[in-house]
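Each chain, letter by letter, is given below.
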Amino acid sequence: MPLRQTIRLGSYLMKQKLLRRDKFPLLVELEPLFACNLKCAGCGKIAQPASLLKQRMPVEQAVGAIEESGAPMVSIAGGEPLMHPQIDEIVRQLLARNKIVFLCTNALLLPKHLHKFKPHRNFSWMVHIDGLKERHDESVNKEGGFDGAVDAIKQAKAAGFRVMTNTTFFNTDTPQDVIGVLDYLNDDLHVDNMQISPGYAYEKAPDQEHWLGVQETRELFQKAFGDGRRKKWRLNHSPVFLDFLEGKKDLGCTPWGIPSYSLLGWQKPCYLLDDGYAKTYKELIEETDWDSFGRGKDPRCANCMAHCGYEPTAVIATMGSLKESLRAAVGA
């Protein structure tokens with residue numbers, strides 16, 4: 001992360017410690033709609049009822065939820081956020097409140113809407129790139145999806161925006177697949193940062209056969225990260241989390257670290273499990289049995305190594321250790 005954002009996050013964590021809060025959000029996954037212009041195999045958001053797919057979250061509701069939580073960072077997802085007619089206003093209001101905002105998109109609509117946004121030090125596009133051309137187009141079920149996303153990234157970069165990418169890997173991916181896409185994004189496309197995640201068995205996803213298990217995840221990233229590649233890539237993760245992916249460290253899940261808010265409310269207990277919804281953030285935190293989730297506790301969590309549960313653990317561990325903070329600073 002840029003230094004100013006790292007300092008901001010460190011200050012936020014220090015404040016939580018001084019206030020003796022044991023549960024607090026690092027980032028909120030905000031879903032102001034479920035509708036999407038693609039039918040990705042690894043996502044089940046468009047499986048929602050037609051009446052819900054037509055709904056768009058009002059600006060004041062979206063901003064109010066983030067204010068209620070107090071989170072310093074917001075990841076706006078969906079569905080496809082650029083299908084929301086007031087998405088630019090949601091972003092503007094969050095930035096005006098000094099939030100760090102990531103707008104997740106498949107980027108196919110980005111050229112049409114780019115003029116509605118202005119570069120800002122706390123704003124980044126987060127473009128989903130699930131592999132190189134053939135692999136990505138297969139994942140999103142659309143021929144030309146990769147070329148469209150790449151063209152949009154180039155336009156956004158040329159316009160002065162910070163652009164990041166998010167790539168999910170499955171058991172059909174090889175270490176060379178990981179190396180190939182990250183080399184391309186890092187060296188050829190020159191995106192600012194890359195986020196990666198092992199695919200987790202999201203229960204509503206159309207494809208239920210290609211999720212990674214824990215050992216498969218560790219073997220995949222051990223080989224992909226070899227020969228110093230991990231240090232070369234501009235990965236948007238703490239070294240502790242990358243160690244976790246390789247199996248060098250074991251971490252517990254911090255399910256309350258990245259809560260999810262959508263048209264249905266605050267999702268219990270996390271973005272990937274669906275145990276109902278809370279009306280308020282306070283209700284989510286106070287009425288969820290957080291000790292019941294994570295690998296070894298809930299069988300649904302057995303193969304999960306997703307960043308939404310384990311990156312918060314890694315970030316808190318990093319900020320609480322001088323050694324790990326220095327490692328993060330130099331990208332070790």
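Residues numbered from 1 in each chain as written. Predicted model: local features only at pLDDT ≥ 70, side-chain atom pairs only at ≥ 80, totals over all residues. Heavy atoms only, no water.

## Points about the pattern of salt bridges
Pairing between side chains of opposite charge can happen when their charged atoms approach one another.
Consideration 1: As enumerated under the stated definition, the model contains 17 salt bridges in all.
Consideration 2: Across the salt bridge formed by R295 and D250, the nearest N and O atoms sit 3.1 Å from each other. Linking R295 in the loop between α12 (281–287) and α13 (307–319) with D250 in the loop between α11 (239–246) and β7 (260–262), this pair joins segments that are 45 residues apart in sequence.
Consideration 3: For D250, a relative accessible area of 57% translates into the label exposed.
Consideration 4: In this structure, D275 engages R300 in a salt bridge whose closest nitrogen and oxygen atoms are separated by 2.7 Å. (Salt bridge = Lys/Arg side-chain N within 4 Å of Asp/Glu carboxyl O. Helix = DSSP H or I, 4+ residues; strand = E, 2+ residues; numbered from the N terminus. Buried < 20%, exposed > 50% of the residue type's maximum accessible area, 1.4 Å probe, protein only.)

## Points about the environment of V101
Consideration 1: Take V101: it is sitting in strand β3 (residues 100–105).
Consideration 2: You can call V101 buried: its relative accessible area is 0%.
Consideration 3: In this structure, the C-alpha to C-alpha distance between V101 and M73, residues 28 residues apart in sequence, is 5.9 Å.
Consideration 4: Excluding its chain neighbours within four sequence positions, the residues that come into contact with V101 are V74, I76, V91, L94, L95, N122, F123 and S124. (Contact = heavy atoms within 4.5 Å.)

## A short note on the packing of aromatic side chains
Consideration 1: According to the stated counting rule, one finds 15 aromatic pairs in the structure shown.
Consideration 2: Ring centres of Y12 and F24 lie 6.1 Å apart, and the angle between their planes is 80°; on these two criteria the pair is classed as edge-to-face. Within this pair, whereas Y12 is found in helix α1 (residues 3–18), its partner F24 is found in the loop between α1 and β1 (27–31), the two being separated by 12 residues in sequence. Residue Y12 shares its accessibility class with F24, and that shared class is buried.
Consideration 3: Counting every residue linked through ring pairs, the aromatic cluster contains F117, F123, W125 and F161. (Phe/Tyr/Trp six-rings, centres within 6.5 Å; stacked < 30°, edge-to-face > 60°.)

## Some details on the packing of helix α3 (residues 59–69) against helix α4 (residues 87–96)
Consideration 1: Look at α3 against α4: their axes get within 10 Å of each other, and the N-to-C directions meet at 35°. At the point where α3 passes α4, the crossing takes the right-handed sense. Facing α3, whose interface residues are V59, A62, V63 and I66, α4 presents E89, I90, Q93 and L94.
Consideration 2: Per-class residue counts for the contact of α3 with α4 are six nonpolar, one polar and one charged. (Axes fitted to C-alpha atoms, helices over the stretch in contact; angles between N-to-C directions. Left-handed = near helix turned anticlockwise from the far one by under 90°. Nonpolar A, V, L, I, M, F, W, Y, C, P; charged D, E, K, R; others polar.)

## Remarks on the pairing of β1
Consideration 1: β1 sits mainly inside the fold: five of its five residues count as buried.
Consideration 2: Where burial is concerned, the two faces of β1 agree: the one with L27, E29 and E31 and the one with V28 and L30 are both buried.
Consideration 3: Two strands pair when backbone bridges link them, and β1 and strand β2 (residues 73–76) are joined in this way by four bridges, in the parallel orientation. Among the inter-strand pairings, L27 is bridged to a residue of β2, identified as M73.
Consideration 4: As judged from the three bridges shared by β1 and β7, these two strands associate in the parallel manner. The partner of E31 across the bridge, within β7, is S262. (Pairing = 2+ DSSP bridges.)

## Side note on the nonpolar core
Nonpolar side chains in soluble globular proteins tend to end up buried together.
Consideration 1: Of all hydrophobic cores here, the largest spans 96 residues; its most connected members are I76 and W125.
Consideration 2: The element contributing the most residues to this core is helix α7 (residues 145–158), with six residues.
Consideration 3: Among all residues touching I76, those that are not within four sequence positions of it are L30, P32, P81, I87, I90, V91, L94, V101, F102, L103 and C104. (Core = buried A, V, L, I, M, F, W, Y, C linked by side-chain atoms within 4.5 Å.)

## Focus: the packing of α1 against α13
Consideration 1: One way to put it is that α1 packs onto α13 with a least axis distance of 11 Å and a crossing angle of 85°. By the angle between their axes, α1 is roughly perpendicular relative to α13. Residue-level inspection shows T6, L9, G10 and L13 of α1 in contact with α13, the latter providing V315, I316 and M319.
Consideration 2: Its residues assigned to classes, the contact of α1 with α13 shows five nonpolar, two polar and no charged. (Parallel < 35°, antiparallel > 145°, perpendicular 65-115°, else oblique.)

## Brief notes about the sheet that holds strand β4 (residues 123–128)
Consideration 1: Read across the open sheet, the nine strands follow the order β6-β5-β4-β3-β2-β1-β7-β8-β9; overall the sheet is mixed. With one partner strand each, in any of the chains shown, β6 (193–198) and β9 (274–278) form the two edges of the open sheet. Adjacent strand axes in the sheet meet at a mean angle of 25°, parallel and antiparallel pairs treated alike.
Consideration 2: As paired elements, strand β5 (residues 162–169) and β6 share six bridges and run parallel to each other. When the bridges of β6 are listed, T167 appears paired with I196.

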